[in-house]
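Given next are the chains, with one letter for each unit.
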Amino acid sequence: MSSPTTAAASAAAPAPAPTPALAPAPANPPSRVVLASLIGTTIEFYDFYVYATAAVLVFPHLFFPAGDPTTALLSSFAIFGAAMVARPLGAIVFGHLGDKHGRKATLVGALLTMGIATFFIGFLPTYAVVGWLAPLLLVILRIAQGFALGGEWSGAALVATENAPAGKRAWYGTFPQLGAPIGFIIANGLFLIIAAMLPSDDPTRPSQAFLDWGWRIPFLFSVVMVVVGLWVRLRLVESTAFSKASKEGKLTKLPLATVFRTYWKQLILGTFFMLATYVLFYLMTTFSLSYGRAAVEPADGSLPGLGYSYTTFVLMLIAGVVFFGIFTLVSGPWADRWGRRKTLSWVTLGIIVFGLVWVPLLGAGFCGVMLWLVVGFSLMGLTFGPMGALLPELFPTNVRYTGSGISYNVSSILGAAVAPFIAVALWQAGGGSPFWVGVYLAGSAVLTLIALLVSKETKDVDIDA
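Treat the numbers as computed from the prediction; the structure is a model and nothing was measured. Starting afresh in each chain, residues are numbered from 1 along the sequence in its written order. Residue-level local features of this predicted model are given only where pLDDT is at least 70; pairs of side-chain atoms are given and counted only at 80 or more, and the full residue set underlies all totals for whole chains, interfaces and linings. Derived side-chain values reflect all non-hydrogen atoms in the structure, with water molecules and hydrogen atoms excluded from consideration.

Caption draft 1: How the structure looks around the overall build of the chain. A tally of regular secondary structure across the chain gives 22 helices and zero strands. Computation of the radius of gyration draws on C-alpha atoms alone. For the globule rule, the value is 2.2 Å times the number of residues to the power 0.38. In terms of overall size, the chain behaves like a compact globule, its C-alpha atoms giving a radius of gyration of 25 Å where 465 residues would be expected to give roughly 23 Å. Overall, the C-alpha framework of the chain stretches about 115 × 45 × 40 Å when taken along its three principal axes. Per-residue accessibility, obtained with a 1.4 Å probe over protein chains only, is compared with the maximum for each type, and a residue is labelled buried under 20%, exposed over 50%, and partly exposed between these values. A burial count over the chain gives 57% of its 465 residues as buried. Note on contacts: a residue pair is in contact if any heavy atoms of the two residues lie within 4.5 Å. Within the chain, residue pairs in contact and separated by at least 24 positions form 85% of the contacts whose partners lie at least 6 positions apart. Total accessible area on the chain is roughly 18300 Å²; 72% of this is exposed by carbon and sulfur atoms. Secondary structure elements follow DSSP: runs of H or I no shorter than four residues count as helices, runs of E no shorter than two count as strands, and numbering proceeds from the N terminus. Only the protein chains shown count as covering a residue, and every accessible area follows the Shrake-Rupley method with a 1.4 Å probe.

Now the structure itself:
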C-alpha cells in the first residue's frame, strides 16, 4: 500500500507529453518522381527518334522498291505517320487501365510494348529479301510503337503532376517533356557515331556497311535502356490523387465514356492546344533532316535543299535541340508564375512569326540556318514544357489518364502524323522552297492560339479532385 506522500507526489507529477505524430512521408520522393517521369519518356522518345532518323536515312533505300526517291521518302513518312494514328488507340487502352487500376502498372506495360517493338525492328528483313513483306512488318511494328507512346506520355505526365508540391506543377511537368530533347540527342548521337565509324563517300547516301547492318544497332540498343527504365518504374508507388479517388469510390467504370460525355469540351481544347507544338516538333526534327541533307541542285529528280552532309546537319540539329531542353525547363517556372494560358499564348504568337520568316532565315547561309534551328527549338521547348501540366489539369483524377492521353494523341494525328507528309508536298509545290511549309506552321499556330484564347486558366485547379 503506497504512503500518502507517495500518492500525492504521483498525483502532482505532470503527465508524460504525448509523442508527436509523424507527418506521413510522401508516397514518392521528389527524386524518384523526377527520375521515373524523365527516364521513361526519354526511352520512349529515343525509340521514336530512332525510327524518325531511319525513316529519312535508311528506310527509303531498304524497305521500298527502287525508283523515284521522293516517292520512297513519302512512303517512309507514311509509315512514320501510321504510328501517330495508333497513338489515340493506345491512349484509350492504357488510359482505361491507368484510370481503373493505377498509373504504375500501366506505365510499365507501355514501356515494355515500345521497347519490344523497337528491338524487333532491328531484326527486320529488307525489301530486297522478302519484297512487300518488309514494309508490312515495318508498319506493324511502327503501329506498336505508336500504341505504346499513346499510353506513355500521359502516364509520365501524371506521375510528375500528381506528385508535385503546391505551386510547382508546371515545373515538375517539364521533366517528362525533357525526355524529348534528351531522347533526340541520344538517338541521333548514336546514329552519328555509327555513321562516323562506317563513313560514306557519297554525302547524300549512307555507306553500304551502314545500310547492310549499321542502322540496326540503335534499334537493338533500346533493350538496354528499357531494362534501366523498368528498374526505375517498378520502384514507384501510386500517387496520392489516385489512391484518394480509389478509396473514396470515385473511380469510374468506363473512363472513356465519361470523358466523351462530360469533358468533351476539354478534349477539343486540349487537342488544339497541342496542334502547333506537334507541327513545329516534327518539322524541326524530321522534315528539317530531309531538307537540310537534300542537294542544292539535285541531278536525280529529288527536291532541292540546303546541301549539308548528314554528319554536319545532325550536329547542327543536336546543337539546336540543346536549346529545346533548356527552354523546356525554363517554361515550367514561367507557367507556374504567369499561368499556362498567358505563357503559351505569347509563345504561340512567336511560332506564328517564326513560320513566316523561314525563307529569309534558311537563305542566309550557315548562320541563318543555325539561327533558324536555335529559334525553332527554343520555341519548341517553351510550347512543349507547360503541356505536361496543362493537359492533366483539364480533367479530374478518375478520367485524367484517359482525357489527357486522348487530347495529346489525337493532336498527333492532326499535327505529327500528317506534318512530314504535308511538308514534303508543300516543299514540292513550292519548287524546292520551304515558304509554304512555314506558312503551314503559322496556320497551325493560329488554331492553337484561338483555342488558348477561348480557354480558362488551370494553374490553380485542385489536382486531387
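Caption draft 2: A look at the nonpolar core. Grouping buried Ala, Val, Leu, Ile, Met, Phe, Trp, Tyr and Cys residues that are joined through side-chain atoms within 4.5 Å yields what is termed a nonpolar core. Grouped together as the largest cluster of nonpolar side chains are 131 residues, with contacts concentrated most on F59 and W215. If you tally residues by element for this core, the top one is helix α2 (residues 30-57), at 14 residues. Sequence-distant contacts of F59, that is, excluding residues within four places in its chain, are made with Y51, A54, F64, S76, I121, L138, W215 and F219.

Caption draft 3: Structural view of the pattern of salt bridges. We define a salt bridge as a side-chain nitrogen of Lys or Arg found within 4 Å of a carboxyl oxygen belonging to Asp or Glu. The final tally for this structure, using the stated rule, is nine salt bridges. Between R169 and E393 there is a salt bridge, with the nearest N and O atoms lying 2.8 Å from each other. One end of the pair, R169, is in helix α8 (residues 169-197); the other, E393, is in helix α19 (residues 387-393), with 224 residues separating them in the sequence. The exposure class of R169 is buried, given its relative accessible area of 11%. Residues R340 and D336 are paired through a salt bridge, measuring 3.1 Å at the closest nitrogen-oxygen approach. Pair check on accessibility: R340 and D336 agree, each one buried. Through salt bridges with shared partners, a single network forms among D99, R103, E162 and R400.

Caption draft 4: Just a nonpolar patch on the surface, in detail. On the surface, V129, V130, L133, L136 and I140 cluster together to form a nonpolar patch covering roughly 440 Å² of accessible area. Contributing elements (two or more residues each) for the nonpolar patch: α6 (127-130) and α7 (133-162). If you tally residues by element for the nonpolar patch, the top one is α7, at three residues. Mapped onto the elements of the fold, V130 is located in helix α6. For patch building, the residue pool is restricted to those with more than 30% relative accessible area and no salt bridge; the joining distance is 9 Å between like charges and 5 Å between nonpolar side chains (Val, Leu, Ile, Met, Phe, Trp, Tyr).

Caption draft 5: Highlighting helix α18 (residues 365-384). Expected helix span is taken as 1.5 Å per residue step, with the number of steps being one fewer than the number of residues. Over its 20 residues, α18 extends 28 Å from the first C-alpha to the last, a length consistent with the 28 Å expected when each residue adds 1.5 Å. Of all the 20 residues making up α18, 15 are buried; the element is thus mostly covered by neighbouring parts of the structure.

Caption draft 6: Main features of helix α15 (residues 310-338). Compared with an ideal rise of 1.5 Å per residue, which puts 29 residues at 42 Å, α15 spans 41 Å between its outermost C-alpha atoms and is within 8% of the ideal. Positive phi shows up at G339, right after α15, with a value of about 100 degrees.

Caption draft 7: Fine view of the side chain of R87. As for its position among the elements, R87 is in helix α4 (residues 69-101). Whenever a nitrogen or oxygen atom comes within 3.5 Å of another N or O atom, the pair is scored as a polar contact, on the condition that within protein one atom can donate a hydrogen and the other can accept it, and that pairs from neighbouring residues in sequence are kept only if both atoms are in side chains. Only 2.4 Å separates the side chain of R87 from the side chain of Y278, close enough to count as a polar contact. With near-sequence residues (within four places) excluded, R87 lies in contact with F48, G146, L149, G150, Y278, Y282, Y408, N409 and S412.

Caption draft 8: Local environment of the packing of helix α14 (residues 275-293) against α18. The angle between two axes is taken between their N-to-C directions and runs from 0 to 180 degrees, where each axis is a line fitted to C-alpha atoms and a helix contributes only its stretch in contact. Orientation of α14 relative to α18, taken along the N-to-C sense of each, is 145 degrees, at an axis distance of 9 Å. Two packed elements cross with a definite hand, and for α14 against α18 that hand is left-handed. Within the contact between the two elements, α14 uses T277, L280, F281, M284, T285 and S288 and α18 uses W372, L373, G376, F377, L379, M380, T383 and F384. Of the residues belonging to the contact of α14 with α18, the class tally is nine nonpolar, five polar and no charged. By convention the crossing between two helices is left-handed if the near helix lies anticlockwise of the far one by an angle smaller than a right angle, and right-handed if it lies clockwise. Each residue is assigned to one of three groups, with Ala, Val, Leu, Ile, Met, Phe, Trp, Tyr, Cys and Pro labelled nonpolar, Asp, Glu, Lys and Arg labelled charged, and all others, Gly among them, labelled polar.

Caption draft 9: Focus on the confidence of the model for the chain. Per residue, pLDDT measures the predictor's confidence, with a range of 0 to 100. Per-residue confidence for the chain gives a mean pLDDT of 86; residues scoring 70 or more make up 91%. Taken together, the stretch residues 1-13 has pLDDT below 50 and engages in one contact with residues farther than four places along the chain or on a different chain.

Caption draft 10: Looking closely at the environment of P29. Locating P29 in the fold gives a position in the loop between α1 (4-12) and α2. When the C-alpha positions of P29 and L236 are compared, they lie 9.4 Å apart, and in sequence the two are 207 residues distant.

Caption draft 11: Up close: the side chain of T53. Relative to the elements of secondary structure, T53 occurs in helix α2. Not counting residues up to four positions away in its chain, the partners in contact with T53 are V58, N188, F191, L289 and Y310.

Caption draft 12: Spatial organisation of the packing of α14 against helix α20 (residues 400-417). Remark: α14 packs on α20, axes separated minimally by 8 Å, with the N-to-C direction vectors making an angle of 50 degrees. If you check the angle between α14 and α20, you find them oblique. Between α14 and α20 lies a crossing of right-handed hand. In contact with L275, Y278, V279 and Y282 of α14, α20 contributes Y408, N409, S411, S412, L414, G415 and A416. Of the residues assigned to the contact of α14 with α20, the class counts are seven nonpolar, four polar and no charged. Comment on the angle field: the value is read as roughly parallel under 35 degrees, roughly antiparallel over 145, roughly perpendicular from 65 to 115, and oblique elsewhere.

Caption draft 13: Main features of the packing of aromatic side chains. Within 6.5 Å between ring centres, the rings of Phe, Tyr and Trp (the latter by its six-membered ring) count as paired, and their orientation is classed by plane angle as stacked under 30 degrees, edge-to-face over 60, tilted in between. Overall, the coordinates contain 38 aromatic pairs when judged by the stated rule. On the numbers, 5.1 Å between centres and 85 degrees between planes, the contact of Y49 with F184 is edge-to-face. Placement of Y49 in helix α2 and of F184 in helix α8 is noted, with a sequence separation of 135 residues between them. Here the two residues Y49 and F184 agree in accessibility, since each one is buried. When the centroid spacing of 6.3 Å and the interplanar angle of 20 degrees are considered together, the rings of Y278 and Y282 count as stacked.

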